[in-house]
Every structure is written in C-alpha cells, then in structure tokens.
Amino acid sequence: RRNFALSTPLVSAVGAGILALTVVGTFFLGRRLSRPIRQLARHAAFVRDLKLEDLPPLPRNAVKELDEAAVAFNSMVRALRWIETYIPRTLVDRLLRTGSQETTTDERVLTVMFTDIVGFSTFAEHMPAQEVAVLLNEHFALVGGCIEKQEGTIDKYIGDCVMAFWSAPIQQSDHARRAYLAAKEVEDKMRAYNAQRVSKGLKPIRMRIGMHSGKVVVGNIGFQGRINYTAVGDAVNVAQRIEQAGKDFPVDDDVEILASEDMLAGIGEGVTAIDLGRVALRGREEPITVYRLT
C-alpha cells in the first residue's frame, strides 16, 4: 500500500507529461498538414479565376498523400496552360460568369466584325515563314486587344483575318457601339504601328474592317470531341461580304472601316459616315446600303 501510494504522484506526472507531449505533437503535426492544404486551396482559387501566368508549382511534401496531390495539381495547371493557348481565356471567363443556362445555342441579335490585311498573300510571298508568323502574331495582338477592351468575343482567326462579335455570351445592349469603338481603336493603333514600320524602312500594313448587326444562331456548335462557341447565320455572312466589298472602294489609309445601315443605326451619336450606296454582296440577291465610317 505504501509503495502504491508513493507512486501515484509519479504516475500522474508521467501521464500529464505524455498528454502534454501528445498535445504539442498534435499541434505541430496539424500545422505541418494544414500549411500545404491551405497552399493548395490558394492555388485552386487562382485556377478558378484563370490566373495561371505567374502561379508557382506546389512544393513536394514528405507526406505521401499530400505529395501526390501536389504532383497531380501541378500537372493539371500545366495542362490548363496548354488549353489556354488555344481557347481564349476571356471567353472561358465570360462563359463561367454567365452560367450554363447562357451557353446553350439560341438566336440573338449581335454585331459581327471581320478584319482582313489588304494584299497579305502578295505582301508575305517573299517573307520567311518565321517572319510571317511574327507579323501575324503582332497584328492579332493589336486587333485582339482592341476587341477584348470593348468586351467583344473573338470567334476565330482565318489566315490573316479575325472574326469577332458582341452581345454573346453576355448580352450587351450597346453591342454596335462597342464594335465601332473597337474598330476605331484598331485604326488609331494601326496608324502608330505603321509609323514605326515606315521609320524602319518597312512597308505599312493596310487593313479592312467590315461590320454588320443582325440575327444569328450563337452557342456551342460542333461535336463532343471538338466544340466551338461561335455564331453562324446570314448576319455573319453579310459582315464578311461587307469587308470583302471594301476591295471595290479602296482608300489610301491605314484602315478602312465599312458597316451596314443596320449596324450604323445602333452606334448612336458621334459617328461620321459616308454613304457608299446600295452594294450587291456576293451570294445575296438584295443589295444593302454600306457606309464608310470615318
């Protein structure tokens, strides 16, 4: 009895020590596990917002499960960066913001824009392929930046042409004016760009822009393995034909901007236009009135 009574404080002290060590160990283990989990959550938030440019890779971890999660996450980010190369981030961002109900294919009035470099085939005929690629990338960066500034959707690049539209996936009541402002900014930037080319002894680049507002079918079009968010219909064809009609009304300027009467009506105040008359567009029976926007 005496021995048992004497050992009781010792047992209590040992138990308290073990409990304290357990609490301290649990605390540090929790911190060791929570830090990479919080880091993973922060990285996931960057991916959610499509901010992939400067996202550093997650570090490896001594805990097997956390290390496997970090490796898988880093692989996913690398794959998303490749996908982002071919799918415009602004389009994906707008589709995410609108929700799935807005991405179904439907009929809507849009303003459609087509751009084209005048005489590009002849211009690039004697240029090395690498120089052609550099020139086109510079051109698309200039044009695309102006389009995206006005929240337009870049549909596709067709050779040296750009197709874009406004009011989808997010509806914009001022879609015609946004397209007009984008075209005018392209004009301003092309003047500055050509001034730099001329100062270097290079030929200036001329381009045409054709625009039209009308009803189209817009949404996800394609098949399961390859779907495009795009617009199709008569209004798209008219916009392209208007751009091509610029060949019949050449001007000695950096950019020629042509638009239909329907598009002009939606721009609002502050625009000067020259009536080019009724123009017969290829593939259409009825001519339409075309304007040069100055």
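What counts as what
Residues numbered from 1 in each chain as written. Predicted model: local features only at pLDDT ≥ 70, side-chain atom pairs only at ≥ 80, totals over all residues. Heavy atoms only, no water. Helix = DSSP H or I, 4+ residues; strand = E, 2+ residues; numbered from the N terminus. Buried < 20%, exposed > 50% of the residue type's maximum accessible area, 1.4 Å probe, protein only. Contact = heavy atoms within 4.5 Å. Areas by Shrake-Rupley, 256 points an atom, 1.4 Å probe, with all protein chains shown as cover. Polar contact = N/O pair within 3.5 Å; in protein donor to acceptor, adjacent residues only side chain to side chain. Core = buried A, V, L, I, M, F, W, Y, C linked by side-chain atoms within 4.5 Å. Salt bridge = Lys/Arg side-chain N within 4 Å of Asp/Glu carboxyl O. Pairing = 2+ DSSP bridges.

## What about the overall build of the protein chain?
- Counting its regular elements, the protein chain contains 8 helices and 8 strands.
- Each of the 294 residues in the protein chain was classed as buried or not, and the buried ones make up 38%.
- Pairs at least 24 apart in sequence give 67% of the contacts found in the protein chain among residues at least 6 apart.
- By element, 57% of the accessible surface of the protein chain is carried by carbon and sulfur atoms, the whole surface being about 17,300 Å².

## Digging into the environment of R108
- Within the fold, R108 resides in strand 1 (residues 106-117).
- With relative accessibility at 7%, the residue R108 sits in the buried group.
- Residues R108 and A231, 123 residues apart in the sequence, show an inter-C-alpha distance of 9.4 Å.
- A distance of 2.8 Å separates a polar side-chain atom of R108 from the backbone oxygen of S167.

## Overview of the nonpolar core
- With 36 residues, the main nonpolar core has I209, M211 and L293 as its most contacted residues.
- Apart from residues lying up to four places away in sequence, I209 is in contact with M113, F114, T115, A183, V186, E243, V255, E256, I257 and L258.
- Of all hydrophobic cores here, the second largest spans 14 residues; its members include L110, M163, A168 and A235.

## Section: the pattern of salt bridges
- Inspection of every chain in the model, using the stated rule, returns 18 salt bridges.
- E256 is paired through a salt bridge with R292; the nearest N and O atoms lie 3.0 Å apart. You can see E256 sitting in strand 6 (residues 255-260) and its partner R292 sitting in strand 8 (residues 288-293), a full 36 residues away along the chain.
- You can call E256 buried: its relative accessible area is 4%.
- Taking the relative accessible area as the measure of exposure, R292 reaches 15% and is therefore buried.
- Three or more residues are tied together by salt bridges with common partners; here these are K184, E187, D188, R191, R206, D252, D253 and D254.

## Points about the side chain of E243
- You can see E243 is positioned in helix 7 (residues 234-245).
- Setting aside its immediate chain neighbours within four residues, E243 contacts F114, D116, R208, I209 and G210.

## Focus: the pairing of strand 5 (residues 226-232)
- Here strand 4 (residues 207-223) pairs with strand 5 via 7 bridges, running antiparallel. Residue pairing in the sheet places F223 in a bridge with R226 of strand 5.
- Connecting strand 4 to the next strand, strand 5, in antiparallel fashion are 2 residues.

## Thoughts on unusual backbone geometry
- Note that the residue after A168, namely P169, is joined by a cis bond; omega there is 5 degrees.
- Topologically, P169 is positioned in the loop between strand 3 (161-166) and helix 6 (175-199).
- For E151, which is not a glycine, the phi torsion comes out positive at approximately 60 degrees.
- Mapped onto the elements of the fold, E151 is located in the loop between helix 5 (129-149) and strand 2 (153-158).
- Judged by its relative accessible area of 34%, E151 falls in the partly exposed class.
- Of note in this structure, S167 is not a glycine but carries a positive phi near 85 degrees.
- The class of S167 is buried, set by a relative accessible area of 4%.

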